[in-house]
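# Breakdown of the fold
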Amino acid sequence: MSEIMRRQYQPPMSRRTRTAIMAVAEEAQIEQAGARAISAVSEYAMSEAAYLKRTQLELERACPEAAEALALISNSAIMAIARSVNRFGQEIGG
């Protein structure tokens, strides 16, 4: 004999209420997706900044007289990444 599955009880509600609930749920999913996207881009940007700093230190060890130029290049690239992430967050966040 097959098993009987119980249905979850849902109180009766009007179509307008059900539509409003579905709209709110959909909006919440969109907001969550935006937050996840911003978080992922931010994490990736931080890892790229850390990579640039590691590379800068390695190159400074190899050529100490170029330390100032390497710092300028590294910091400029990191600032450009930060601006891009900020712009992305503003566009996604609304």
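In this text the structure is predicted, and so the values were computed from the model without any measurement.

About the criteria used
Just so you know, the residues in each chain are numbered from 1, in the order the chain's sequence is written. For a predicted model such as this one, the threshold for reporting local features is a pLDDT of at least 70, and the threshold for listing and counting side-chain atom pairs is 80 or more; totals across whole chains, interfaces and linings nevertheless cover every residue. With hydrogens and water excluded, all non-hydrogen atoms of the structure serve as input to the side-chain values. Comment: elements are numbered from the N terminus, with helices defined as DSSP H or I runs of at least four residues and strands as E runs of at least two. Values of the radius of gyration come from C-alpha atoms, whereas the globule rule sets the reference at 2.2 Å times the count of residues to the power 0.38. For every residue, the accessible area obtained with a 1.4 Å probe (protein chains only) is divided by the maximum for its type, and the residue is called buried under 20%, exposed over 50%, and partly exposed between those limits. Each accessible area value is a Shrake-Rupley result obtained with a 1.4 Å probe; residue values ignore everything except the protein chains displayed when judging cover. Multiplying 1.5 Å by the helix residue count minus one yields the expected span of that helix. When checking whether two residues touch, look at their non-hydrogen atoms; a contact exists if any pair is within 4.5 Å.

### Considerations on the overall build of the protein chain
The helix and strand tally for the protein chain stands at 2 helices and 0 strands. In terms of C-alpha radius of gyration, the protein chain reaches 25 Å, well past the compact-globule figure of 12 Å for 94 residues. The C-alpha extent of the protein chain, read off along each of the three principal axes, is 80 × 40 × 10 Å. Burial statistics for the protein chain: of 94 residues in total, 11% are counted as buried. Here the protein chain displays about 8,400 Å² of accessible surface, and carbon together with sulfur accounts for 59% of that area.

### Points about helix α2 (residues 67–93)
Helix length check: α2, at 27 residues, gives a terminal C-alpha distance of 38 Å against a target of 39 Å (1.5 Å per residue), a fit within 8%. For α2, the set of buried residues is L70, S74, I78, V85 and G89. Structurally, α2 contributes buried residues whose contacts are with α1 (15–62).

### Here's the deal with α1
In an α-helix, one turn spans 3.6 residues; hence positions three or four apart end up facing the same way. Its 48 residues give α1 an end-to-end C-alpha distance of 71 Å, which sits within 8% of 70 Å, the value for a rise of 1.5 Å per residue. Turning to α1, its buried residues number three or more, namely G34, A45, A49, Q56 and E60. Tucked into the core, α1 has its buried residues touching α2.

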